[in-house]
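Given next are the chains, with one letter for each unit.
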Amino acid sequence: MTLTLIEVRTAGPGSHEITGRIGDWLTGIGAADGILTAFVRHTSCSLLVQENADPDVQRDLLAWLDRLVPPATDPAMAFLTHTLEGPDDMPAHLKAALLPVSLSIPVERGRLLLGRWQGVFLVEHRHAPHRREVALAFQPL
């Protein structure tokens with residue numbers, strides 16, 4: 001098994017495509033056939049395989065998440081008790097509970113077996129800038 005960490009700097013809520021960085025790493029280690037596991041080492045962001053052709057998909061996804069889980073200042077969220085880290089913190093944890101924090105993707109001849117329009121994204125749920133780490137593991141078959 002081969003392991004690495006990649007850093008993703010964020011500047012607030014958004015989707016950050018990391019497909020190319022993962023592909024570059026697989027090429028760099030000489031990956032052949034196997035399984036890639038990606039795991040985000042934080043509790044207020046997520047990983048997602050999603051369409052990467054039309055940026056509207058990412059905008060709509062973020063808007064849907066905001067409707068599903070509004071900020072702690074919204075009266076509908078008055079039940080929240082974890083509020084010391086700001087009004088976006090607990091909602092970010094809830095969003096991370098809804099979306100995956102790890103992914104397993106088959107690799108064939110060193111390439112991710114994603115569909116034509118699929119990409120791998122780190123989805124940031126917090127409003128402040130953050131430095132996120134994604135652990136990558138490649139297990140050859």
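Note that residues are indexed from 1 along each chain, following the sequence as it is written. A pLDDT threshold of at least 70 governs which residues receive local features in this predicted model, and a stricter bar of 80 or more applies before side-chain atom pairs are shown or counted, although totals over entire chains, interfaces and linings include all residues. Side-chain calculation: all heavy atoms of the structure are included, whereas hydrogens and water are not.

**Quick notes on the sheet that holds strand β2 (residues 14-17)**
- Overall, antiparallel pairing links the three strands, which are arranged β2-β7-β4 in an open sheet. Looking at the sheet topology across the chains shown, the edges are occupied by β2 and β4 (45-51). Each strand axis lies, on average, 35° off the axis of its neighbour in the sheet, ignoring direction.
- Pairs of strands are assigned from DSSP output, requiring at least two bridges between the strands. Secondary structure is summarised from DSSP: a helix means a run of H or I of at least four residues, a strand means a run of E of at least two, and numbering begins at the N terminus for each. Strand direction decides the pairing type here: β4 and strand β7 (residues 118-124), joined by seven bridges, are antiparallel. Within β7, the residue paired with serine 46 across the bridge is valine 123. Fitted lines through C-alpha atoms give the axes, limited to the stretch in contact for helices. The angle between two N-to-C directions lies from 0 to 180 degrees.

**With respect to the layout of surface pockets**
- Points on a 1 Å grid over protein atoms alone make up a cavity when a 1.4 Å probe fits among them but cannot get out, and a pocket when they form an open set with protein on both sides within 12 Å along at least five of seven lines; lining residues each have an atom within 4 Å of a point. Grid points are joined across faces, edges and corners, and a volume is the space filled by probe spheres set on the points. Its boundaries defined by the atoms lining it, the largest pocket holds a volume of some 220 Å³.
- Counting residues per element, the ones that place at least two in the lining of the largest pocket are α1 (19-28) and β6 (111-112).
- Counting residues per element, the lining of the largest pocket draws most heavily on α1, which supplies three residues.
- Ten residues, namely Ala, Val, Leu, Ile, Met, Phe, Trp, Tyr, Cys and Pro, are considered nonpolar, four, namely Asp, Glu, Lys and Arg, are considered charged, and the remaining ones, Gly among them, are considered polar. A breakdown of the residues in the lining of the largest pocket according to their chemical character gives four nonpolar, six polar and two charged.

**Concerning α1**
- Partly exposed residues are those whose accessible area sits between 20% and 50% of the maximum for their type, while under 20% is buried and over 50% is exposed, using a 1.4 Å probe and protein chains only. Restricting attention to buried positions, one finds in α1 the residues Thr19, Ile22, Trp25 and Leu26. With its buried residues spanning 130° around the axis, α1 presents them on a single face. Projecting away from the buried face of α1 at angles above 90 degrees are the exposed residues Asp24, Thr27 and Gly28.
- In the stretch just after α1, glycine 30 is the one whose phi turns positive, near 70°. The reported arc concerns the directions from the helix axis to the C-beta atoms and nothing else.

**Notes on empty space enclosed by the protein**
- Counted by the stated rule, this structure contains one cavity of 30 Å³ or more.
- Considering only enclosed or pocket space, the largest cavity measures out at about 40 Å³ in volume.
- In this structure, the largest cavity is lined by Pro13, Leu62, Leu65, Asp66, Lys95, Glu124 and His125.
- In terms of residue count, the dominant contributor to the lining of the largest cavity is helix α2 (residues 55-68) (three residues).
- Across the lining of the largest cavity, the residue classes break down as three nonpolar, one polar and three charged.

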